[in-house]
Amino acid sequence: MLAAPSEAAVEYVRVCSAYGPNYYYSPGTDTCINADTGVTNRKVDDGEGGFTTVTGKTALASQVDDIDNRVTRAFENASISAALAAPDLVQGEHFGLRINWGNAGNAGDADAFGITGAAVLSESFAHGGRLTGTLGVAFSGSVVGGNAGLQFSW
């Protein structure tokens, strides 16, 4: 009769309670990872006989944050673009001011508010033509955008 080999218990997931719920130790390390957020915490020697905690993120969590930030900026920029519609000056008008609101769909905080102005620069530009200039600025969160343009009409 053969004896069963003795096996040491294998701990696949070791809970790390030092930083709160949902933390576990990365296998073979002393780094704790939050399973929900990807935040990492590790105690290191501070060189003065104590320890300090180094906080970071897993590579995957950092990439997800980067993608999320890029998507947010894209929605903000689309909202800014929508908020920069210039006033439409018709014959006889010499100045116009337009206050606009732009939104890029279901983007949450991607609302933008803008103000644009237009003015006739010359009524007799190049044999009866009209030259109009526009300038605008819009804000969405911490992003600022603007536009400037010229229009020649006859």
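In what follows, the structure referred to is the one given above.
One numbering rule holds for all chains: residues counted from 1, following each sequence as written. Owing to the predicted nature of the model, reporting of local features is limited to residues with pLDDT of at least 70; listing and counting of side-chain atom pairs is limited to 80 or more, with chain, interface and lining totals taken over all residues. Excluded from the side-chain calculation are hydrogens and water; included are all heavy atoms of the structure.

K.L.:
Honestly, the overall build of the protein in this entry has me stumped. Any pointers?
P.N.:
Of the regular secondary structure elements, the protein holds 1 helix and 8 strands. Reading the protein from its N end, one meets helices and strands in the order β-β-β-β-α-β-β-β-β. A 1.4 Å probe rolled over the protein chains alone gives each residue an accessible area, and that area as a share of the maximum for its type sets the label: buried under 20%, exposed over 50%, partly exposed in between. For the protein, the proportion of its 154 residues judged to be buried stands at 27%. Within the protein, residue pairs in contact and separated by at least 24 positions form 32% of the contacts whose partners lie at least 6 positions apart. Of the roughly 10700 Å² of accessible surface on the protein, 57% is carried by carbon and sulfur atoms. The numbering of helices and of strands both runs from the N terminus, where a helix is a DSSP run of H or I of at least 4 residues and a strand a run of E of at least 2. Contacts are residue-level and defined by heavy atoms, with any inter-residue pair within 4.5 Å sufficient. Using the Shrake-Rupley algorithm and a 1.4 Å probe, accessible areas are obtained, with residue cover drawn only from the displayed protein chains.

K.L.:
Quick question: what am I supposed to make of a nonpolar patch on the surface here?
P.N.:
Candidates for patches are residues over 30% relative accessible area with no salt bridge; among them, like charges are joined within 9 Å and nonpolar side chains (Val, Leu, Ile, Met, Phe, Trp, Tyr) within 5 Å. The working definition used for a salt bridge is a side-chain nitrogen of Lys or Arg within 4 Å of a carboxyl oxygen of Asp or Glu. Together, Phe95, Leu97, Ile99 and Ile115 make up an exposed nonpolar region whose accessible area comes to about 460 Å². It is strand E5 (residues 95–103) that contributes the most residues to the nonpolar patch, 3 residues altogether. Structurally, Leu97 is set in strand E5.

K.L.:
Would you take a moment to explain the packing of aromatic side chains for this structure?
P.N.:
Each aromatic ring pair is specified by the distance between its two centres and by the angle formed by the two planes. Note on aromatic contacts: the rings of Phe and Tyr and the six-membered ring of Trp form a pair at centre separations within 6.5 Å, being stacked when their planes are under 30 degrees apart, edge-to-face when over 60 apart, and tilted otherwise. By the definition in use, this model includes 1 aromatic pair. For the pair Tyr19 and Tyr23, a centre-to-centre distance of 5.7 Å together with 50 degrees between the ring planes defines the contact as tilted. Classification of Tyr19 as partly exposed rests on a relative accessible area of 24%. Ring-over charges, as used throughout, are those where CZ of Arg or NZ of Lys falls within 6 Å of the ring centre and within 35 degrees of the ring normal. One Lys or Arg, Arg14, reaches over the ring of Tyr25 and ends 3.9 Å from the middle of that ring.

K.L.:
Any chance you could explain the nonpolar core here in plain terms?
P.N.:
One broad trend across soluble globular proteins is that nonpolar side chains are buried collectively. With 6 residues, the main nonpolar core is built from Ile80, Ala83, Leu84, Ala112, Ala138 and Val143. The contacts of Ala83, once residues within four sequence positions are left out, are Asn100, Trp101, Gly102, Ala112, Phe113, Gly114 and Ala138. Take the buried residues of types Ala, Val, Leu, Ile, Met, Phe, Trp, Tyr and Cys, join any two whose side-chain atoms come within 4.5 Å, and each joined set is a nonpolar core.

K.L.:
I would appreciate a short explanation of the pattern of salt bridges in the present structure.
P.N.:
Charged atoms that come close allow side chains of opposite charge to pair. Applying the stated criterion across every chain yields a total of 3 salt bridges. The partner of Lys57 in a salt bridge is Asp65, and the shortest N-O contact between them spans 2.9 Å. The exposure class assigned to Asp65 is partly exposed, which follows from its relative accessible area of 34%. A salt bridge links Asp66 to Arg70; the nearest nitrogen and oxygen atoms lie 3.0 Å apart. In this pair, Asp66 and Arg70 both sit in helix H1 (residues 59–82), 4 residues apart, roughly one turn of the helix. Residue classification places Asp66 among the partly exposed residues on the basis of a relative accessible area of 34%.

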